[in-house]
Amino acid sequence: MTFEEAKSLLEEKNQLQVLTYYEELSSDEKESLLKQVGELDWKLLDKITNGQESKKDVVEKEIAPLPALNLDAIKDRESEYRAAGLEALSEGKCAAVLLAGGMGTRLGFDGPKGTLPIGEERELYLFEQLVENLKVVVSQAGRSIPFYIMTSEKNDASTRTFFEEHNYFGYSREDVHFFIQEMAAAVDYKGKLLMEEKGRLATSPNGNGGWFSSLAKAGLLEDLHKRGVEWINIFGVDNPLQKMCDPVFLGATILSGCQSGSKVVRKNDPHEKMGVVCRENGQPSVIEYYELSEEMANAKDSNGILTYGFGVILNYLFRVDRLEEIMGNDLPVHIVEKKIPYIDENGCLIKPEKENGYKFETLVVDMVRLMDDTVPFEVVREEEFAPIKNLHGVDSLDSSRELMKKAGIRL
Ligand code: UTP
């Protein structure tokens, strides 16, 4: 894109602030900024109308319950499920995908979230604990599990270096692959594009929803096929109690004949801020806690269990062939408030203390709706769910450490 083209486009879109420092830039910087402008996704940016998503995007939803495979039901068939899961794992049919492309802005830790030291009296990192959890299954299955790690352009190099420096925490190097997710521009509350440098638009990772197409773009589908992988277990970086490639979960999902499985826990109370599994217009789905009416949030079944009481913990199984079928499908775009570092009108870099704008994200949770079915698979909360979103308080390093200690992890 030439300067003239960029200028007229940005003028039309009321975004001329992007070129404020253009004349000060080197020719390389000019070229890279024009390239960034040329690649902007205006469909996304136009979604901001006075800071809110256009009402047109809100479609009517018919919500119905989707009962979970609960702990008792799992216990009844546990050995059968475990055997089926271990068989699939021993045949190399399941891979693990770790979502580690997020910015972890709430934690405020300088570095990829997985490099966070979580030990108290010994050296232990979040990535390390996740690898340890996966190694438990590797030893049960008797063979290594392909392990793919999604990073973003902001943390890819530091993540790779960290794994190298720690010798992959003893995981077989040839089974670990990194791939980079895409970025999206970020805007202030008025929808104005922010700059992170005089010659660079502020960009953020575009959410965890694009993981499969990013994996494919990185050429890793071939690797999956070559290895005969049929299932992918996808999980987030911030839960050190995460049990990935769990044989019982895998076996239950395979034997159900479903295309996907979703690990769930019982909500602590009807209004807990978690996405809950349900049916939406007939499809399996996860809806946000605020989408439930008061009546639905409190509804109970004949056993007194909350009808919409099972929350997702970012641990899903998806069949690879189904993921390939839906790869081109659009996921809804979420507009999320974030702290976005930016260059102010005086050319100074500001690192905001509180949220100052929006970024655009697609989310893996929305993939559940693209599956014909899912097994909501209940797990014991205290044993598998200790998210680290913040440093202190709810879902924090503090609360997670308490839960890790209770679960027998030496810190
Ligand atoms: P979060 O929703 O907690 O987002 O990610 P975040 O960016 O890590 O943290 P905050 O909101 O800025 O504090 C849930 C999981 O999805 C991954 C994260 O790394 C985490 O494992 N993720 C998130 C990505 O891989 N890419 C993204 O663009 C966003």
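Refer to the structure printed above.
Counting restarts for each chain, with residues numbered from 1 along the sequence as it is written. Whole-chain, interface and lining totals are the exception, using all residues; otherwise, since this is a predicted model, local features are given only for residues with pLDDT of at least 70 and side-chain atom pairs are given and counted only at 80 or more. Calculated side-chain values reflect all of the structure's heavy atoms, with hydrogen atoms and water omitted.

**Remarks on the pairing of strand β5 (residues 147–151)**
Okay, step 1: The buried count for β5 comes to five of five residues, which makes it a mostly enclosed element.
Okay, step 2: Residues Phe 147, Ile 149 and Thr 151 line one face of β5 and the alternating positions Tyr 148 and Met 150 line the opposite face, and both faces are buried.
Okay, step 3: Strands pair, by our definition, only if DSSP identifies at least two bridges between them. The numbering of helices and of strands both runs from the N terminus, where a helix is a DSSP run of H or I of at least 4 residues and a strand a run of E of at least 2. Alignment of strand β4 (residues 94–99) against β5, held across four bridges, turns out to be parallel. Residue pairing in the sheet places Ala 96 in a bridge with Phe 147 of β5.
Okay, step 4: Following the chain from β4 across helix α6 (residues 126–141) to the adjacent parallel β5, one finds a crossover that is right-handed.
Okay, step 5: Look down the strands so they point away from you; if the path from the first strand over the helix to the second goes clockwise, the crossover is right-handed. One crossover worth recording links β5 to the parallel strand β6 (residues 176–180) by way of helix α7 (residues 156–165), and it is right-handed. Each residue's exposure class comes from its accessible area (1.4 Å probe, protein chains only) as a fraction of the maximum for that residue type: buried when under 20%, exposed when over 50%, partly exposed otherwise.

**Section: helix α14 (residues 397–406)**
Okay, step 1: Along α14, the positions that sit buried rather than exposed are Leu 397, Ser 400, Arg 401 and Met 404. End-on, the buried residues of α14 take up no more than an arc of 105°, which puts them together on one face.
Okay, step 2: The distance from a side-chain oxygen at the start of α14 to the backbone nitrogen of Asp 398 is 3.2 Å, and the residue carrying that oxygen is Ser 396.
Okay, step 3: Directly after α14, the chain includes Gly 408, whose backbone phi takes a positive value near 90°. Arc definition: it is the arc formed by the directions from the helix axis to the C-beta atoms. Contacts described as polar in this section are N or O atom pairs within 3.5 Å, which, within protein, must combine one atom able to donate a hydrogen with one able to accept it, while residues neighboring in sequence count only if both atoms come from side chains.

**As for the packing of aromatic side chains**
Geometrically, a pair of aromatic rings is defined through the distance of the ring centres and the angle of the planes.
Okay, step 1: Any two rings among Phe, Tyr and Trp, with Trp reduced to its six-membered ring, count as a pair given centres within 6.5 Å; such a pair is stacked if its planes are under 30 degrees apart, edge-to-face if over 60, and tilted if neither. Taken as a whole and assessed by the stated rule, the structure comprises 15 aromatic pairs.
Okay, step 2: Ring centres of Phe 162 and Phe 169 lie 5.9 Å apart, and the angle between their planes is 50°; this geometry places the pair in the tilted category.
Okay, step 3: A relative accessible area of 8% means that Phe 169 is categorised as buried.
Okay, step 4: Among the aromatic residues, those joined into a cluster by ring pairs are Tyr 125, Phe 127, Phe 162, Phe 163, Tyr 168, Phe 169 and Phe 178.

Remember that the coordinates give geometry; whether it matters functionally is a separate question.
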